[in-house]
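Structure at a glance
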Amino acid sequence: MAASQEHITPSAPMGANLIGDGATFRVWAPDAENVYVFDGAKEYHPQPGDELMKNPLTGHWTGFFPGIK
C-alpha cells in the first residue's frame with residue numbers, strides 16, 4: 001500500500017515538510033513510474049509503504065509519513 005494521503009491537499013508544499021506528527025512529501029515527476037521515500041540506507045529495496053501516490057492529472061507524487069522528526 002502506498003504512503004498515506006493524510007495531511008495532503010492540493011496546496012501541500014513541494015519537497016519534504018515537517019508537520020506536527022510527521023512529514024509530507026510532494027514532488028513533480030510526471031514521467032516517473034514509481035517514486036519512493038527512504039532513509040538513505042546504503043542498500044535500499046523498495047517497499048510498498050515507501051511509495052508516494054501519483055496524481056495523474058498533475059504529475060505530482062505525494063505522501064505522508066508519521067513519526068518523522
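What comes next is a walk through the structure. (Residues numbered from 1 in each chain as written. Predicted model: local features only at pLDDT ≥ 70, side-chain atom pairs only at ≥ 80, totals over all residues. Heavy atoms only, no water.)

**Here we look at the overall build of the protein chain**
For the protein chain, the helix and strand inventory stands at zero helices and four strands. Scanning the protein chain from its N terminus toward the C terminus, one meets helices and strands in the order β-β-β-β. Expected size for 69 residues packed as a compact globule is a radius of gyration near 11 Å; at 12 Å, the protein chain falls within 12% of this value. Considering only C-alpha atoms, the protein chain reaches an extent of 30 × 30 × 20 Å along its principal axes. Restricting the contact set of the protein chain to residue pairs at least 6 apart, pairs at least 24 apart contribute 57%. Counting only carbon and sulfur atoms, one obtains 59% of the accessible surface of the protein chain, whose full area is about 4,700 Å². (Helix = DSSP H or I, 4+ residues; strand = E, 2+ residues; numbered from the N terminus. Rg over C-alpha atoms; globule rule 2.2 N^0.38 Å. Contact = heavy atoms within 4.5 Å. Areas by Shrake-Rupley, 256 points an atom, 1.4 Å probe, with all protein chains shown as cover.)

**Notes on the sheet that holds strand 1 (residues 15–19)**
Sheet architecture is open: four strands sit in the order 1-2-4-3, paired in antiparallel fashion. Every interior strand has two partners, whereas the edge strands, strand 1 and strand 3 (53–55), have only one. Strand-to-strand twist of the sheet, defined as the mean angle between neighbouring strand axes without regard to direction, takes the value 20°. Bridge count for strand 1 against strand 2 (residues 22–28) is five bridges, and the pairing is antiparallel. When the sheet's bridge partners are listed, A16 is paired in strand 2 with F25. (Pairing = 2+ DSSP bridges. Axes fitted to C-alpha atoms, helices over the stretch in contact; angles between N-to-C directions.)

**A closer look at the environment of G59**
Of note, G59 is situated in the loop between strand 3 and strand 4 (60–66). When sequence neighbours within four positions are dropped, the list of residues in contact with G59 reads V27, W28, A29, P30 and K54.

**Some thoughts on the side chain of E51**
Among the secondary structure elements, E51 is positioned in the loop between strand 2 and strand 3. Buried charged residue E51 carries no salt bridge. Nearest counter-charge: K54, at 9.7 Å. Side-chain polar atoms of E51 contact the side chain of N34, separated by 2.7 Å. With near-sequence residues (within four places) excluded, E51 lies in contact with A2, A3, E33, N34, V35, Y36 and W61. (Buried < 20%, exposed > 50% of the residue type's maximum accessible area, 1.4 Å probe, protein only. Lys, Arg positive; Asp, Glu negative; His and termini not counted. Salt bridge = Lys/Arg side-chain N within 4 Å of Asp/Glu carboxyl O. Polar contact = N/O pair within 3.5 Å; in protein donor to acceptor, adjacent residues only side chain to side chain.)

**Some points on the packing of aromatic side chains**
Scanning the entire structure with this criterion turns up three aromatic pairs. Taking 5.6 Å as the distance between ring centres and 80° as the angle between the ring planes, the aromatic pair formed by F25 and F65 counts as edge-to-face. Of this pair, F25 sits in strand 2 while F65 sits in strand 4, and the two are 40 residues apart along the sequence. Exposure remark for F25: the relative accessible area of 16% places this residue in the buried category. (Phe/Tyr/Trp six-rings, centres within 6.5 Å; stacked < 30°, edge-to-face > 60°.)

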